[in-house]
Amino acid sequence: MTPEAIAQQVQMQLHEIVEASGTRSGLKQAFASVARKTGMTDGQIKRLFYGEWSVIPAHIFLNVERLYRNHLEQMKARAEHQAALYRARTEEWDRKWGDYSSNGVHDIRAGVPGARSTGPSISESLPTG
């Protein structure tokens with residue numbers, strides 16, 4: 001990789017980490033957080049974030065890479081947790097209300113009246129002229 005490609009990669013990784021941490025309005029806090037996690041200064045993180053370095057020393061690159069790997073693991077764990085929550089909600093909904101996903105036919109559980117009426121519809125009751 002060229003020095004420019006490495007600088008772009010580090011910048012992209014920092015943007016992703018900062019954006020995942022919350023709103024962009026708190027960049028100063030995000031830079032401070034990243035700096036604490038990498039052992040770098042806030043100013044170094046800021047300059048990397050804005051792409052002001054054309055050549056990045058290896059130890060800084062490795063610090064950002066380590067942080068990015070941790071970030072990806074955290075995002076993966078968060079996504080798996082969210083997926084598990086939505087699966088549980090879906091199963092609870094299906095147990096409570098039935099599964100409406102199969103061809104528009106739903107499974108009515110005992111004690112829950114059906115939505116269809118067996119009587120004539122309003123349009124069938126109206127006189128035709």
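Refer to the structure presented above.
Only a predicted model underlies this, so the values are computations on that prediction, with no experimental measurement involved.

### Focus: the overall build of the protein
- What the protein contains, in helices and strands, is 5 helices and 0 strands.
- Residues classed as buried in the protein amount to 23% of the 129 residues present.
- By sequence separation, contacts in the protein at least 24 residues apart represent 51% of the contacts at least 6 residues apart.
- A total of about 9,700 Å² of accessible surface is found on the protein, and carbon and sulfur atoms cover 55% of it.

### Describing the packing of helix α1 (residues 3-20) against helix α3 (residues 42-49)
- Interhelical geometry of α1 versus α3 gives an angle of 110 degrees and a closest axis separation of 8 Å. In terms of orientation, α1 lies roughly perpendicular with respect to α3. Packed against α1, whose contacting residues are V10, Q11, L14, H15 and V18, the element α3 presents I45, L48 and F49 at the interface.

### Observations regarding the packing of helix α2 (residues 27-38) against α3
- One can describe the packing of α2 onto α3 by two numbers: an axis separation of 8 Å at closest approach and a directional angle of 110 degrees. Taken together, the axes of α2 and α3 are roughly perpendicular relative to one another. Read as a crossing pair, α2 and α3 show a hand that is right-handed. Where α2 approaches α3, its residues L27, F31, A32, V34, A35 and T38 are matched on the opposing element by D42, I45, K46 and F49.
- A breakdown of the residues in the contact of α2 with α3 according to their chemical character gives 7 nonpolar, 1 polar and 2 charged.

### Thoughts on the layout of surface pockets
- Considered as a void within the structure, the largest pocket measures approximately 270 Å³ in volume.
- Mapped onto the lining of the largest pocket, the elements with two or more residues apiece are α1, α2 and α4 (58-97).
- Of the residues forming the lining of the largest pocket, the biggest block, 8 residues, is contributed by α4.
- Class assignment for the residues of the lining of the largest pocket results in 7 nonpolar, 7 polar and 3 charged.

### Details of the nonpolar core
- Core analysis: the biggest nonpolar cluster contains 21 residues, and V10, L14, L48 and I56 have the highest contact counts within it.
- For this core, the secondary structure elements donating two or more residues are α1, α2, α3 and α4.
- Each residue touching V10, except ones within four places of it in the same chain, is listed here: L48, I56, F61 and V64.

### Digging into the side chain of N63
- Relative to the helices and strands, N63 is located in helix α4.
- A residue is classified by how much of its surface remains accessible, and N63, at 17% relative accessible area, is buried.
- A distance of 3.0 Å separates the side chain of N63 from the side chain of R66, its partner in a polar contact.

Parameters and conventions
- Residues numbered from 1 in each chain as written.
- Predicted model: local features only at pLDDT ≥ 70, side-chain atom pairs only at ≥ 80, totals over all residues.
- Heavy atoms only, no water.
- Helix = DSSP H or I, 4+ residues; strand = E, 2+ residues; numbered from the N terminus.
- Buried < 20%, exposed > 50% of the residue type's maximum accessible area, 1.4 Å probe, protein only.
- Contact = heavy atoms within 4.5 Å.
- Areas by Shrake-Rupley, 256 points an atom, 1.4 Å probe, with all protein chains shown as cover.
- Axes fitted to C-alpha atoms, helices over the stretch in contact; angles between N-to-C directions.
- Parallel < 35°, antiparallel > 145°, perpendicular 65-115°, else oblique.
- Left-handed = near helix turned anticlockwise from the far one by under 90°.
- Nonpolar A, V, L, I, M, F, W, Y, C, P; charged D, E, K, R; others polar.
- 1 Å grid on protein atoms, 1.4 Å probe; cavity = no way out; pocket = protein on both sides within 12 Å on 5 of 7 lines; lining within 4 Å.
- Points joined across faces, edges and corners; volume = space filled by probe spheres on them.
- Core = buried A, V, L, I, M, F, W, Y, C linked by side-chain atoms within 4.5 Å.
- Polar contact = N/O pair within 3.5 Å; in protein donor to acceptor, adjacent residues only side chain to side chain.

It is worth stressing that arrangement in space is one thing and function is another; only the former is reported here.
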